[in-house]
Amino acid sequence: MSTSPYMLPEKARHQDAPSHGLSINDMFPTAIPHSAGATTAVLQPLTAKMKTEHVNFYYGKFQALHDISLEFASNKVTALIGPSGCGKSTFLRTLNRINETLRDTRLEGSITLDGENILDKDVTEIRRRIGMVFQRPNPFPKSIYDNIIYGPKINGMLKGKNAAEIVEKSLRRAALWDEAKDKLHESAYALSGGQQQRLCIARALAVDPEMLLLDEPCSALDPIATAKIEDLLVGLKSQCTIVIVTHNMQQAARVADTTGFFLLGRLIEHAKTDIIFKNPSKKETEDYITGRFG
Amino acid sequence: MATPAAVVRPTRTLRKPLISGDELAKAFTFFFAALIIVVTFALVWQLWIGSSPAKEKFGFRFLTSSLWNPVTDEYGALPFIYGTLLTSFLALLISVPLGVGAAIYLSELASPRLSNTLTFLVELLAAVPSVIFGLIAIFSLVPLMRDYIEPALQNAFGSTPLFSGPAFGVGYLTAGMILAVMTFPFIISVSREALMAVPREQREAALALGATKWESTWQIVLPFAKLGILGSVFLGLARALGETMAVTMVIGNDPAIHASLLAPGYTIAAVIANEFTEASGKMYSSALVELGLVLFALTMLINGVAQLMIVLTTKKGSAKA
């Protein structure tokens, strides 16, 4: 058996152990300054942009999430994988508190953004800071321009700023500017599915979010559109912290720095992506990534 | 090149019936569909034939004259057209904000249980026969209007022609109010359906950008559902234009045009219902049939405008039906 430094101690592999992953600084040991004489600028400890502790989530009496503790490293892409119904989307939707708009739901535990509990903060401000992209492209039935400007408008971000500049900047960040610049005032529905999804990303970026949550953003798209969005995500992580839920393991392997594996509402394992795929510490993870179930 | 499979393929022509079931079904259902057109045309034809004496005598003057005198056999439709349009407009003025507001509450805010219960009651309201609304209007609404609401309106706005004149209790405003109550259930239940059909992703997209519940409802959900809501308004309007019994009981039956909303008036449907049995002369009954034709044309016109509006709003790409 391998003695990888990323493996959890034997005790944590017990079935009843609370589901939590490694601390992100355990996953990226090179990022920790080893000696006082270190000169390279990159040797900064990773900070956790967001941290969840002992999160339980209930739909009515059904418990969908069991004791999830997870850290999301700043400016990294974290992928959440697992079979359908494992709770990965539910977990993602607790992070910007969009799940609380559903009836008869309950959340326990704490979720902190930059050390502040998001459950104590104004929900609209939290959602402004944490953008979300959904499974199916869901542009508003408005023009491309109005889709982008909607977020800045309701958040009062247009004062003294040029709306057209925000639109251009957001579309460029979502790699849609060249395709959309000549039809900004046409309906968003005139775009193809992949373009619509990038429009939704641009719409989310227009309010300058610090985090971007993506819920299976490519499941309705063809491989070319998927590749464009994956490239985009890798480029975006310098500006924000990204969490992506995907049922496509290759996608997680391509874009994510760390990957968390969910099963039956529990976080089985969270580690660097290559560890998860090459040398997982849990049998369930190995079974899943080798295609034995799911 | 002939394959063995092609050679042994059995021929089924012997078992084929003379007319297949599909063709029979098609013919039958076509007959039913065609009936709709036949009945509509027959209706227009009858109205056209029945009204020809009046059309020949009065011509276009029928639509512009406000004289209605069976004694001298002089007939003009303007007071009735005015009364019909005014009462329907008043009805929508009251019932659209109330109905859409109630629909927003039922679809967006109320718990599903409360929403379903209230919707059931609203749909019961839509099934109440109009004569019962008329009866309630006569015994409850008319005294209420005469003794309290109309005097209050006169005190507040009496200087404007809209609320001048004596308070009879019956008249345009009372008819508009009872029509509002009658169109209200249609507007609520159709608007609620339209709002509930808005995908949850649309609401969540707005919320995820930092919109409040109200911003998401008002700026995203409502525009998305606007075609359905417009549909509900026109359904309500169609009912208001043609509503006969309840209006006849409270409109005041005065074939004249009054600026005041408190004054008694008349609608097309009401005058037909009231005067048909006593229409003795040929010209009298012909004039009433022509009124029927006018009401038919009015309804068609408004429905046409509605369809046009829907096409135009869809073309702009604002919302998909």
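Residues numbered from 1 in each chain as written. Chains lettered and ligands numbered in written order. Predicted model: local features only at pLDDT ≥ 70, side-chain atom pairs only at ≥ 80, totals over all residues. Heavy atoms only, no water.

Comments concerning the overall build of chain B
So, point 1. The helix and strand tally for chain B stands at 14 helices and two strands.
So, point 2. The C-alpha atoms of chain B give a radius of gyration of 26 Å, which is well past the 20 Å a tight globule of 321 residues would have.
So, point 3. Taken over the C-alpha atoms alone, chain B extends approximately 95 × 65 × 35 Å along its principal axes.
So, point 4. Of the contacts made within chain B by residues no fewer than 6 positions apart, 74% connect residues no fewer than 24 positions apart.
So, point 5. Carbon together with sulfur atoms contributes 71% to the accessible area of chain B, which is approximately 17,300 Å² in total. (Helix = DSSP H or I, 4+ residues; strand = E, 2+ residues; numbered from the N terminus. Rg over C-alpha atoms; globule rule 2.2 N^0.38 Å. Contact = heavy atoms within 4.5 Å. Areas by Shrake-Rupley, 256 points an atom, 1.4 Å probe, with all protein chains shown as cover.)

Structural notes on the overall build of chain A
So, point 1. Secondary structure summary: chain A contains 11 helices and 10 strands in total.
So, point 2. Sorting the 294 residues of chain A into buried and exposed places 56% on the buried side.
So, point 3. Nonlocal contacts in chain A, meaning residues at least 24 apart in sequence, comprise 67% of its contacts between residues at least 6 apart.
So, point 4. Of the roughly 13,000 Å² that chain A leaves accessible, carbon and sulfur atoms contribute 50%. (Buried < 20%, exposed > 50% of the residue type's maximum accessible area, 1.4 Å probe, protein only.)

Some points on the side chain of Thr273 of chain A
So, point 1. For Thr273 of chain A, the position within the fold is in helix H10 (residues 273-278).
So, point 2. The residues touching Thr273 of chain A, leaving out its near neighbours within four places in the chain, are Ala252, Ala253, Ala256, Asp257, Thr258 and Thr259 of chain A.

Observations regarding the nonpolar core
So, point 1. Counting 46 residues, the largest nonpolar core has Leu171, Leu199, Ile201, Leu212, Leu214 and Ile242 of chain A as its most contacted members.
So, point 2. Grouped together as the second largest cluster of nonpolar side chains are 45 residues, Phe62, Tyr75, Ile268 and Tyr284 of chain B included. (Core = buried A, V, L, I, M, F, W, Y, C linked by side-chain atoms within 4.5 Å.)

Describing the interface of chain B and chain A
So, point 1. If you look at the interface, chain B gives 26 residues, while chain A gives 26 residues.
So, point 2. Here chain B meets chain A over a buried area of about 2,100 Å², counting both sides, of which 60% is carbon and sulfur.
So, point 3. Looking at the side of chain B facing chain A, the largest losses of area belong to Glu204, Ala208 and Leu209 of chain B, adding up to 29% of the total buried there.
So, point 4. Seen at the junction of chain B and chain A, the total is one salt bridge.
So, point 5. Residues Arg93 of chain A and Glu204 of chain B are paired through a salt bridge, measuring 2.7 Å at the closest nitrogen-oxygen approach.
So, point 6. Taken together, chain B and chain A are joined by six residue pairs in polar contact (both at pLDDT 80 or more).
So, point 7. Those elements that provide at least two residues to the side of chain B that touches chain A are helix H5 (78-109), helix H9 (200-208) and helix H10 (213-224) of chain B. (Buried area = accessible area lost by both parts, 1.4 Å probe. Salt bridge = Lys/Arg side-chain N within 4 Å of Asp/Glu carboxyl O. Polar contact = N/O pair within 3.5 Å; in protein donor to acceptor, adjacent residues only side chain to side chain.)

Let's talk about the sheet that holds strand S5 (residues 116-117) of chain A
Residue and element names in this part refer to chain A.
So, point 1. With antiparallel pairing, four strands are arranged side by side in an open sheet as S2-S1-S4-S5. For this open sheet the edge positions go to strand S2 (62-73) and S5, each flanked by a neighbour on one side alone.
So, point 2. Relative to S5, strand S4 (residues 105-113) is paired through two bridges, and the arrangement is antiparallel. Each residue of the ladder has a partner; that of Leu113, found in S5, is Glu116.
So, point 3. Sitting on the sheet, helix H2 (residues 88-95) is in contact with strand S1 (48-59), S2 and S4, with an inclination near 65 degrees to S2. (Pairing = 2+ DSSP bridges. Axes fitted to C-alpha atoms, helices over the stretch in contact; angles between N-to-C directions.)

What about the pairing of strand S7 (residues 211-215) of chain A?
Residue and element names in this part refer to chain A.
So, point 1. For S7, a buried count of five out of five residues is recorded, marking the element as mostly surrounded by other parts of the structure.
So, point 2. Side chains of S7 alternate between two faces, with Met211, Leu213 and Asp215 and Leu212 and Leu214 buried alike.
So, point 3. Taken together, the four bridges between strand S6 (residues 130-133) and S7 define a ladder with parallel strand orientation. Pairing of Gly131 across the sheet is with Leu212, part of S7.
So, point 4. Taken together, the five bridges between S7 and strand S8 (residues 241-245) define a ladder with parallel strand orientation. Bridging across to S8, Leu212 finds its partner in Ile242.

What to know about the environment of Phe262 of chain A
All names here are of chain A.
So, point 1. Relative to the elements of secondary structure, Phe262 occurs in strand S9 (residues 258-263).
So, point 2. Expressed as a C-alpha distance, the spacing of Phe262 and Met249, which sit 13 residues apart in the sequence, is 13 Å.
So, point 3. Excluding residues that lie within four positions of it along the chain, Phe262 makes contacts with Ile68, Leu80, Ile81, Gly82, Pro83, Cys86, Gly87, Lys88, Phe91, Leu267 and Ile268.

Comments concerning helix H8 (residues 172-196) of chain B
Residue and element names in this part refer to chain B.
So, point 1. Taking 1.5 Å per residue, 25 residues should reach 36 Å; H8 reaches 35 Å between its end C-alpha atoms and fits that length.
So, point 2. The axis of H8 is deflected most strongly, by about 35 degrees, at Thr183, and proline Pro185 appears within four residues downstream.
So, point 3. Summarising burial for H8: 18 of the 25 residues are buried, a large majority. (Expected span 1.5 Å × (residues − 1). Bend = angle between axes of the 7 residues up to and from the residue.)

Quick word on the packing of aromatic side chains
Within a pair of aromatic rings, the relevant descriptors are the distance that separates the centres and the angle that separates the planes.
So, point 1. Evaluated as defined, the whole model comprises 17 aromatic pairs over all chains.
So, point 2. For the ring pair Phe140 of chain A and Tyr150 of chain A, a centre distance of 5.2 Å and an interplane angle of 70 degrees mean the geometry is edge-to-face. Here Phe140 of chain A, found in the loop between S6 and helix H4 (144-154), pairs with Tyr150 of chain A, found in helix H4; they are 10 residues apart in sequence, far enough to count as distant.
So, point 3. Since its relative accessible area comes to 0%, Phe140 of chain A is described here as buried.
So, point 4. Using a relative accessible area of 2% as the deciding quantity, one classes Tyr150 of chain A as buried.
So, point 5. Feature note: the residues Phe58, Phe62, Trp68, Tyr75, Phe80, Tyr266 and Tyr284 of chain B constitute an aromatic cluster, connected by ring pairs.
So, point 6. A cation over an aromatic ring shows up here: Arg106 of chain A above the ring of Tyr58 of chain A, its NZ or CZ 4.2 Å from the ring centre.
So, point 7. Lying across the ring of Trp48 of chain B, Lys55 of chain B places its NZ or CZ 3.8 Å from the centre. (Phe/Tyr/Trp six-rings, centres within 6.5 Å; stacked < 30°, edge-to-face > 60°. Lys NZ or Arg CZ within 6 Å of the ring centre and 35° of its normal.)

Some thoughts on the pattern of salt bridges
Residue and element names in this part refer to chain A.
So, point 1. As enumerated under the stated definition, the model contains 25 salt bridges over all chains in all.
So, point 2. When the shortest N-O distance is used, the salt bridge between Arg129 and Asp114 registers 3.4 Å. You can see Arg129 sitting in helix H3 (residues 123-129) and its partner Asp114 sitting in the loop between S4 and S5, a full 15 residues away along the chain.
So, point 3. Using a relative accessible area of 10% as the deciding quantity, one classes Arg129 as buried.
So, point 4. Taking the shortest distance from any N to any O, the salt bridge between Glu116 and Lys121 comes out at 3.3 Å.
So, point 5. Note on Glu116: relative accessible area 37%, which makes it partly exposed.
So, point 6. Residues joined by salt bridges that share partners form a network here, namely Lys49, Asp114, Arg129 and Glu210.

A short note on unusual backbone geometry
All names here are of chain A.
So, point 1. Positive phi outside glycine occurs at His54, with the angle close to 50 degrees.
So, point 2. You can see His54 is positioned in strand S1.
So, point 3. Even without being a glycine, Asn75 presents a positive backbone phi close to 55 degrees.
So, point 4. Among the secondary structure elements, Asn75 is positioned in the loop between S2 and strand S3 (77-81).
So, point 5. Its relative accessible area of 34% is what places Asn75 among the partly exposed residues.

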